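Chains, contacts and geometry: an overview
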Amino acid sequence: MDIFIRARFVIVHLLSLCLISLLTTGCHAQADQSNQVTNKKMENKTQNPLLCDIETGLCEMPDSTATSPAQAASAFKKPINIIYYTDPICSSCWGIEPQLRKLKLEYGSSIEVEYRMGGLLPDWSYNSGGISKPSDVAHHWDEVSRHYDMPIDGDVWLEDPLASSYPPSIAFKAAQLQDQHKAIDFLREVREMVFLHKKNIAKWENLVTAAQKAGLDLDRFKTDYQGKAKTLFEEDLALGQQLGVRGFPTMFFVDGQGNQEKVYGSKPYAAYEATLHKQLPTATKAPIHQDWESLFASYPTLTSREFSELSGIRRQDSDTYLQKLVDAGKLGKITTKNGVLWTRR
């Protein structure tokens, strides 16, 4: 089935405020009401797919006909299925990694997270909201990094800008065809590449590097990327339209009876936890092993905010604590202009 995608965003502030509010509450991409194939050079692109409204907390789009998430969910393996719409370059999705990682550790026995790609950036065939070319995004990402307290280096848009987020999205679907867990590792790798290392993850060589690090079979990865993964990506786009997905991150919490609750945009951890308990009051929280060895065994790389969220150590103390482990040769450290990534040795 062909898909006709166009991106448009709500801009309600002066440009100066938009510089601060880029993706603060969610990234946004819009599916057209028709089910035509993607036409990237279309008319009437009056709003920008890389800006959203900080006051409403939404990156809105016109109403679309929505189907029930229960009809779209994969076969249930656990009491709650979470359909998670995201994009590899969505900085708000990067911003909720601490909450999502904590949710998986505490409620992993109750939830299954089903990752879907939304197609944030088809191409650059638009000019609006003060954004007309990749270099215009650089300062926005730096501001977002400070807002979320997650390292993001906007200079990628100056040094090696992406033409589209479609290639890494298709690559993720190729990874899913091999192994769901390795696919999540792959998504983390490409996000670290673009947000911290300023790598253009639309380039094939960088996708191959991420696939290798995630332990994927590279021959099959290439075959699936050039074949079935494209169809699966198009299916994700079509399903997002049918579900009424208006931006990223969007999560549908679906129980075994098909009842669903939606969490739209970046929210504090308590919001995701409350939604889970609304759908499954009997959900039991597992204790997190908060020592650094256990946390880095679960997640080989952690930002300072992620470590603070998971360990319970106050954010203002986490860097000092982790630096002592680096000095003792127990952890590695990657420093960027907007934050640090701590790595398991």
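Our subject in this report is the structure included herewith. Computed from a predicted structure; not experimentally measured.

1. Observations regarding the overall build of the protein
Looking only at helices and strands, the protein has 15 helices and 9 strands in total. The buried share of the protein, reckoned over its 345 residues, is 57%. In the protein, the share of contacts with a sequence separation of at least 24, taken over all contacts with a separation of at least 6, comes to 75%. Working note: accessible area of the protein is about 14,300 Å², and carbon and sulfur atoms make up 48% of it.

2. So, the pattern of salt bridges
The tally for this structure, following the rule as stated, stands at 21 salt bridges. R220 is the partner of D224 in a salt bridge, and the nearest nitrogen-oxygen pair spans 3.1 Å. One end of the pair is D224 and the other is R220, both in helix α10 (residues 218–226) and 4 residues apart, which spans about a single turn. One network of salt bridges, in which partners are shared, links E97, R101, R188, E192 and E306.

3. Things to note about helix α14 (residues 304–311)
The buried count for α14 comes to 7 of 8 residues, which makes it a mostly enclosed element. Considered for burial, the residues of α14 that qualify are S304, R305, E306, F307, S308, L310 and S311. Downstream of α14 by one or two residues, G312 has phi in the positive range, about 85°.

4. Examining the pairing of strand β9 (residues 339–344)
Two elements, strand β7 (residues 301–303) and β9, share 3 bridges in a ladder whose sense is antiparallel. Each residue of the ladder has a partner; that of T301, found in β9, is T343. Of the strand pairs in this sheet, strand β8 (residues 331–336) and β9 are connected by 6 bridges, and their pairing is antiparallel. In the sheet register, T335 faces β9, and the bridge partner there is V340. From the end of β8 to the start of β9, which pair antiparallel, there are 2 residues.

5. What to know about the environment of K199
Considering the arrangement of structural elements, one finds K199 in the loop between α8 (180–195) and α9 (204–213). Residue classification places K199 among the partly exposed positions, given a relative accessible area of 39%. Excluding anything up to four places from it in sequence, K199 contacts V156, L162, M193, V194 and N206.

6. What to know about the pairing of strand β3 (residues 80–86)
Judged by how many residues are buried, β3 sits mostly within the fold: 7 of 7 residues are covered. Residues I80, I82, Y84 and T86 line one face of β3 and the alternating positions N81, I83 and Y85 line the opposite face, and both faces are buried. Relative to strand β4 (residues 111–117), β3 runs parallel, the two sharing 7 bridges. Note on β4: the bridge partner recorded for Y84 is Y115.

Parameters and conventions
Residues numbered from 1 in each chain as written. Predicted model: local features only at pLDDT ≥ 70, side-chain atom pairs only at ≥ 80, totals over all residues. Heavy atoms only, no water. Helix = DSSP H or I, 4+ residues; strand = E, 2+ residues; numbered from the N terminus. Buried < 20%, exposed > 50% of the residue type's maximum accessible area, 1.4 Å probe, protein only. Contact = heavy atoms within 4.5 Å. Areas by Shrake-Rupley, 256 points an atom, 1.4 Å probe, with all protein chains shown as cover. Salt bridge = Lys/Arg side-chain N within 4 Å of Asp/Glu carboxyl O. Pairing = 2+ DSSP bridges.

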